[in-house]
Amino acid sequence: MKKVELGLTGQYVSQVSLGCMTMGTSTDEPASARILDAYLDAGGDFLDTANCYAWWAPDATGGESESLLGRLLKGRRDRVFLATKVSAGITDLPAARAARHPDGTVDWAGVERTFEGAGAAVIEREVDRSLRRLGADHIDLYYVHVDDRRVPLEETLSALDSLVRAGKVRYIGWSNVRTWRLERIRSLALANGWASPVAVQVQHSYLRPTGADVPSIAGAELLDWLSLHPDVSLAAYSSLLRGIYDDAVYRESTPVWRSYAGPDSDARLAAVAKVASALGASGNQVALAWLLHHGVIPLIGPRTWEHYESIAPAFTLELPDELLSVLDNA
């Protein structure tokens, strides 16, 4: 697997990041270990988790993914670049669960009212808890998971900078944030000599969103901003939109499709299908390869071994210029 530079840090990471959200809950320990081992053997090293993963799973409260990674990485912590997150830990689990409906929809305002936030006291407390669960002495990349407007940015940035100075964290990032806020975060950090974000993590895929503008999905404005700020890398979660590139029936039934449905997506799905047919690949593999070609660091979050196995060929899938043109011009 190829390596890419994270921002302008001089730190190189694998071009595909392994999302570990379901590890320790819906993905059991044997399956998690198998996926992790295969990813490392393929040259991957960029692992992504969070202190809240995965509180919504049955009998879970958050921290399960970090705890399992701590066990699986024992004796080989130095082989990986480890990212985790703070600010979306749950303070009222019953209320958060009540905001997730059986039909798959989520009252995000209800969930967000239970988030721990990004205050200095939370950051100082939670980084130590994450380190204990991970069995690590430092975190390579520490994200603010959900942008917290209730806390002054100066407080959050100063607390994060203190972690970097103390050696508990190497780099910081932000997730689910609007472009104007990211610009303010970066400007404040640079003006005060604080650690500045080297990565932003939002949802991004080959399909372009057609629904309402939301901070968790990369829009044209953020992509334009990133093109002018090479010191911040784009780490894209939901890079395959839960696999909708290969399953039309599932596509129509999943809530994620609501943000993408429309003529533009129909045209781009047809382009994916044409390229996939020409290469003997799957649509999901083509969509992932397209992101890699355009300098995005996509996260994959396989829940099963079969899911990982179906994605892995994309790590080395080449897109000839004529087929890349089909995708770019759809």
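The coordinates are above.
Just so it is clear, the model here is predicted, and its values are computed rather than measured. (Residues numbered from 1 in each chain as written. Predicted model: local features only at pLDDT ≥ 70, side-chain atom pairs only at ≥ 80, totals over all residues. Heavy atoms only, no water.)

Visitor: Where do I start with the pairing of strand E8 (residues 199–203) in this structure?
Guide: Each regular strand displays side chains that alternate between the two surfaces of the sheet. When you tally the buried positions in E8, you get five out of five residues, the bulk of the element. Both faces of E8 are covered, namely the face carrying Ala199, Gln201 and Gln203 and the face carrying Val200 and Val202. Of the pairings in the sheet, the one linking strand E7 (residues 169–175) to E8 comprises three bridges and is parallel in character. Pairing of Ser175 across the sheet is with Gln201, part of E8. Crossover connection from E7 via helix H7 (residues 179–192) to parallel E8: handedness right-handed. (Buried < 20%, exposed > 50% of the residue type's maximum accessible area, 1.4 Å probe, protein only. Helix = DSSP H or I, 4+ residues; strand = E, 2+ residues; numbered from the N terminus. Pairing = 2+ DSSP bridges. Right-handed = clockwise from strand over helix to strand, strands pointing away.)

Visitor: Sorry, what's going on with the packing of aromatic side chains here?
Guide: One pair of aromatic rings is described through two measures. These are the centre distance and the angle between the planes. Applying the stated criterion to the full structure yields seven aromatic pairs. Look at Trp55 and Trp56: their rings are 5.5 Å apart centre to centre, the planes differ by 85°, and that puts the pair in the edge-to-face class. Classification of Trp56 as partly exposed rests on a relative accessible area of 28%. An aromatic cluster is built from Phe46, Phe81 and Tyr171, whose rings are joined through pairwise contacts. Over the ring of Trp55 we find Arg100, and its NZ or CZ is 5.7 Å from the ring centre. Sitting above the plane of the Trp290 ring, Arg268 keeps its charged end 5.7 Å from the centroid. (Phe/Tyr/Trp six-rings, centres within 6.5 Å; stacked < 30°, edge-to-face > 60°. Lys NZ or Arg CZ within 6 Å of the ring centre and 35° of its normal.)

Visitor: Got a minute to help me understand the nonpolar core in this structure?
Guide: One broad trend across soluble globular proteins is that nonpolar side chains are buried collectively. The biggest cluster of nonpolar side chains holds 101 residues, and the ones touching the most others in it are Leu47 and Trp174. With eleven residues, the next largest nonpolar core counts Ala50, Ala54, Ala88 and Ala99 among its residues. (Core = buried A, V, L, I, M, F, W, Y, C linked by side-chain atoms within 4.5 Å.)

Visitor: Is there a simple way to explain the side chain of Arg77 in this structure?
Guide: With respect to the element layout, Arg77 can be found in the loop between helix H2 (64–72) and strand E5 (81–86). Since its relative accessible area comes to 16%, Arg77 is described here as buried. A distance of 3.1 Å separates a polar atom in the side chain of Arg77 from the backbone oxygen of Val80. Once residues lying within four places of it in the same chain are set aside, the contact partners of Arg77 are Leu82, Ala136, His138, Ile139 and Asp140. (Polar contact = N/O pair within 3.5 Å; in protein donor to acceptor, adjacent residues only side chain to side chain. Contact = heavy atoms within 4.5 Å.)

Visitor: Whenever I open this one, the sheet that holds strand E3 (residues 17–19) confuses me. Can you help?
Guide: Note: strands within a sheet are paired through backbone hydrogen bonds, in either parallel or antiparallel orientation. Read once around its circumference, the closed barrel built from eight strands follows the order E3-E4-E5-E6-E7-E8-E9-E10, with strand pairing classed as parallel. Each strand axis lies, on average, 30° off the axis of its neighbour in the sheet, ignoring direction. Examined bridge by bridge, strand E6 (residues 139–144) and E7 share five bridges and lie parallel to one another. Within E7, the residue paired with Leu141 across the bridge is Tyr171. Docked against the sheet, helix H1 (residues 29–41) engages E3 and strand E4 (46–48), running at close to 175° with respect to E3. (Axes fitted to C-alpha atoms, helices over the stretch in contact; angles between N-to-C directions.)

Visitor: Explain helix H8 (residues 220–227) to me, please; I cannot follow it from the model alone.
Guide: In an α-helix there are 3.6 residues to a turn, and that puts residues three or four apart on one side. Along H8, the residues that are buried comprise Leu222, Trp225 and Leu226. Taken end-on, H8 shows its buried residues confined to a sector of 100°, consistent with a single buried face. Facing away from the buried side of H8 by more than 90 degrees, the exposed set consists of Ala220 and Ser227. In the core, the buried residues of H8 are packed alongside H7, E8 and strand E9 (233–237). (Arc of directions from axis to C-beta.)

Visitor: Any chance you could explain the side chain of Gln15 here in plain terms?
Guide: Structurally, Gln15 can be placed in the loop between strand E2 (12–14) and E3. Of the polar contacts made by the side chain of Gln15, one reaches the backbone oxygen of Phe315; its length is 3.3 Å. Once residues within four sequence positions are removed from consideration, Gln15 is found in contact with Met1, Lys2, Lys3, Val4, Leu292, Val296, Ile297, Pro298 and Phe315.

Visitor: Looking at this structure, I do not really get the pattern of salt bridges. What am I missing?
Guide: One side chain can pair with another of opposite charge once the charged atoms of both are near each other. Applying the stated criterion across every chain, the model contains 16 salt bridges. One salt bridge connects Asp161 with Arg165, and the closest N-O pair in it is separated by 2.5 Å. Of this pair, Asp161 and Arg165 both sit in helix H6 (residues 153–166), separated by four residues, roughly a single helical turn. Residue Asp231 pairs with Arg186 through a salt bridge whose shortest N-O separation is 2.8 Å. Taken together, the positions of Asp231 in the loop between H8 and E9 and Arg186 in helix H7 put the pair 45 residues apart, joining distant regions of the chain. The exposure class assigned to Arg186 is buried, which follows from its relative accessible area of 18%. Three or more residues are tied together by salt bridges with common partners; here these are Glu116, Arg125, Glu126 and Arg129. (Salt bridge = Lys/Arg side-chain N within 4 Å of Asp/Glu carboxyl O.)

Visitor: Is there a simple way to explain helix H5 (residues 120–134) in this structure?
Guide: With 15 residues, H5 should reach 21 Å at 1.5 Å per residue; the first-to-last C-alpha distance of 21 Å fits that figure. Of the residues making up H5, those classed as buried are Ala120, Val122, Ile123, Glu126, Val127, Ser130, Leu131 and Leu134. Viewed along the axis of H5, the buried residues span an arc of 150°, placing them on a single side of the element. Exposed side of H5, more than 90 degrees from the buried face: Ala121 and Arg132 are the residues found there. Contact partners of the buried residues in H5: H2, E5, E6, H6 and E7. Gly135 occupies a position one or two residues after H5 and carries a positive phi of about 60°. (Expected span 1.5 Å × (residues − 1).)

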